[in-house]
There are 2 protein chains.
Amino acid sequence: MLTIGKLGAEAGVKVPTVRYYEQIGLLPKAERSAGNQRLYGRKALERLAFIRHARDLGFTLEAIRDLLSLSDRPDQSCAAADAIAKAQLAEVESRLARLMSLKAELERMVVQCAGGRIADCRVIEVLGDHSLCATDHRHPEGEHIA
Amino acid sequence: MLTIGKLGAEAGVKVPTVRYYEQIGLLPKAERSAGNQRLYGRKALERLAFIRHARDLGFTLEAIRDLLSLSDRPDQSCAAADAIAKAQLAEVESRLARLMSLKAELERMVVQCAGGRIADCRVIEVLGDHSLCATDHRHPEGEHIA
DNA sequence: CCTAATGTCTCTAGCAACTATATGTTCAAG
DNA sequence: CTTGAACATATAGTTGCTAGAGACATTAGG
């Protein structure tokens, strides 16, 4: 049996985060020792590693909640899990596309800064006037990049 | 003079967000009409557009605060603005790199899902076992992608 | 066996950057 | 002159944690 600290270290998750996951119901309530400390077995470690890994991949906790509830019922079709992963992939792709154009714009901003005065600063100038953009970053619905 | 709604529409920023920016001091306190409604001129619109655009580029409000205070004193060197933009560029590049490897992994996850049962689901399997990753996404310091 | 250090417990509050909700006031159109 | 949209304030909620306070548990050293 692992204490919360060992568990966190094994899974690469901080202790308060583990408690937080329990609090919001992503992890089941842990067994307790005689002295009221949380104790975890191998199953909890696997579940936490799953969560950690999915977070790394950019899944939201809500998506992870869905994936976990799917994997808790292993005899159903994998279509739902596939759909979640595909949605995640689509989101990653769109973030990628946006970031690439941002990178291009930032590079344009940065090149010409050779110590001039602010008044001539390309950075400030570009930021002040959207029409100088090469690409169009308008968002459909208040969506901002993270 | 524009009311807050027109201003927001012009700049592509929602009304509560404009008020929020005023509250945290990114925008100066607006003039008020006889009936206590905020009124904005062209300068405020430009400042808001600047903020909006910088947010689109992924700058934090703190970075934007710095950029704004730089542009308020236009006779200094543009080195500081350049540094902020370069830091932003570096961050964008690192996000890009991570996202590209995530994309690859998600694609690997998704391909093999042809309606099998959850028990054999590649999505769940890959998420459950980090060792199946082609690439290594471990973070140096608890840093998670947004 | 005792002590000191570390680890754990709960609870609350804070972070970014907004967004939503509730309740009330002002303004412009018909 | 009335109605309804747009405005005002204030508070609380969102996501995914992180940090702090103050008290109890456990473990390693002497």
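Residues numbered from 1 in each chain as written. Chains lettered and ligands numbered in written order. Predicted model: local features only at pLDDT ≥ 70, side-chain atom pairs only at ≥ 80, totals over all residues. Heavy atoms only, no water.

**Focus on the overall build of chain A**
Within chain A one finds 6 helices and 3 strands. What you see in chain A, going N to C, is helices and strands ordered as β-α-α-β-β-α-α-α-α. Nonlocal contacts in chain A, meaning residues at least 24 apart in sequence, comprise 50% of its contacts between residues at least 6 apart. Carbon together with sulfur atoms contributes 53% to the accessible area of chain A, which is approximately 7,800 Å² in total. (Helix = DSSP H or I, 4+ residues; strand = E, 2+ residues; numbered from the N terminus. Contact = heavy atoms within 4.5 Å. Areas by Shrake-Rupley, 256 points an atom, 1.4 Å probe, with all protein chains shown as cover.)

**Brief notes about the nonpolar core**
Ranked by size, the top nonpolar core spans 73 residues in total, and within it Phe59(A), Leu127(A), Phe59(B) and Leu67(B) carry the most contacts. If near-sequence neighbours (up to four positions away) are discounted, Leu127(A) is found in contact with Met109(A), Ala49(B), Phe50(B), His53(B), Ala54(B), Leu57(B), Phe59(B) and Leu67(B). (Core = buried A, V, L, I, M, F, W, Y, C linked by side-chain atoms within 4.5 Å. Buried < 20%, exposed > 50% of the residue type's maximum accessible area, 1.4 Å probe, protein only.)

**Here's the deal with the protein's contact with DNA strand C**
Every one of the 20 residues lining DNA strand C counts as a neighbour, but Gly5(A), Arg19(A), Arg38(A), Tyr21(B) and Arg55(B) are closest to it. Looking at DNA strand C alone, sugar and phosphate atoms form 88% of those within 4 Å of the protein. Here a phosphate oxygen of DNA strand C sits 2.7 Å away from a polar atom, N or O, in the main chain of Arg38(A). A distance of 3.2 Å separates a phosphate oxygen of DNA strand C from a polar backbone atom of Gly35(B). Residue assignment for the surface near DNA strand C shows that the elements contributing at least two residues are α1 (4–11) of chain A together with α2 (15–23) of chain B. (Near = heavy atom within 4 Å. Polar contact = N/O pair within 3.5 Å; in protein donor to acceptor, adjacent residues only side chain to side chain.)

**Focus: the packing of α1(A) against helix α3 (residues 42–56) of chain A**
Residue and element names in this part refer to chain A. Interhelical geometry of α1 versus α3 gives an angle of 45° and a closest axis separation of 9 Å. The orientation of α1 with respect to α3, classified from their angle, is oblique. Read as a crossing pair, α1 and α3 show a hand that is right-handed. Touching Leu7, Glu10 and Ala11 of α1 are Ala44, Leu45, Leu48, Ala49 and Arg52, all from α3. For the contact of α1 with α3, the class distribution of residues is 6 nonpolar, no polar and 2 charged. (Axes fitted to C-alpha atoms, helices over the stretch in contact; angles between N-to-C directions. Parallel < 35°, antiparallel > 145°, perpendicular 65-115°, else oblique. Left-handed = near helix turned anticlockwise from the far one by under 90°. Nonpolar A, V, L, I, M, F, W, Y, C, P; charged D, E, K, R; others polar.)

**What about the protein's contact with DNA strand D?**
In the vicinity of DNA strand D lie 19 residues, with Tyr21(A), Arg55(A), Gly5(B), Arg19(B) and Arg38(B) positioned nearest. Of everything in DNA strand D that lies within 4 Å of the protein, sugar and phosphate atoms constitute 90%. Tyr21(A) places a polar side-chain atom, nitrogen or oxygen, 2.8 Å from a phosphate oxygen of DNA strand D. Contacts to DNA strand D include Thr3(B), whose side-chain N or O atom sits 3.1 Å from a phosphate oxygen.

**As for the packing of aromatic side chains**
Enumeration over the complete set of coordinates arrives at 2 aromatic pairs over all chains. Between Tyr20(A) and Tyr21(A) the ring centres are 6.0 Å apart and the planes differ by 45°, which places this aromatic pair in the tilted class. (Phe/Tyr/Trp six-rings, centres within 6.5 Å; stacked < 30°, edge-to-face > 60°.)

**Thoughts on helix α1 (residues 4–11) of chain B**
Every α-helical turn comprises 3.6 residues, leaving residues that sit three or four positions apart pointing alike. All names here are of chain B. Taken as a whole, α1 has its buried residues at Ile4, Leu7, Gly8 and Ala11. Around the axis of α1, the buried residues are gathered within 95° of arc, so they sit on the same side. Exposed and facing more than 90 degrees away from the buried side of α1 are Lys6, Ala9 and Glu10. Looking at the buried residues of α1, the elements they touch are β1 (2–3), α2, β3 (38–40) and α3 (42–56). Note on α1: the residue one or two positions beyond its end, Gly12, has a positive phi of about 75°. (Arc of directions from axis to C-beta.)

**Notes on the confidence of the model for chain A**
All names here are of chain A. Per-chain confidence: chain A averages 79 in pLDDT, with 75% of residues scoring 70 or above. In the model of chain A, helix α6 (residues 122–128) stands out as the element of lowest mean pLDDT, 70, in contrast to strand β3 (residues 38–40), which has the highest, 97. The low-confidence segment residues 134–146, where pLDDT is below 50, has 30 contacts with residues more than four positions distant or belonging to other chains. (pLDDT = per-residue confidence, 0-100.)

**Section: the sheet that holds β3(B)**
Residues and elements named next belong to chain B. Read from one edge of the open sheet, 3 strands run β1-β3-β2, paired in antiparallel fashion. The strands lining the two open edges of the sheet, one partner per strand, are β1 and β2 (31–32). Pairing of β1 with β3 involves 2 bridges; the strand directions are antiparallel. Within β3, the residue paired with Leu2 across the bridge is Tyr40. (Pairing = 2+ DSSP bridges.)

**So, the sheet that holds β3(A)**
Here 3 strands make up an open sheet; going across it, the order is β1-β3-β2 (chain A) and the pairing antiparallel. Each edge of the open sheet is held by one strand with a lone partner, namely β1 (2–3) and β2 (31–32) of chain A.

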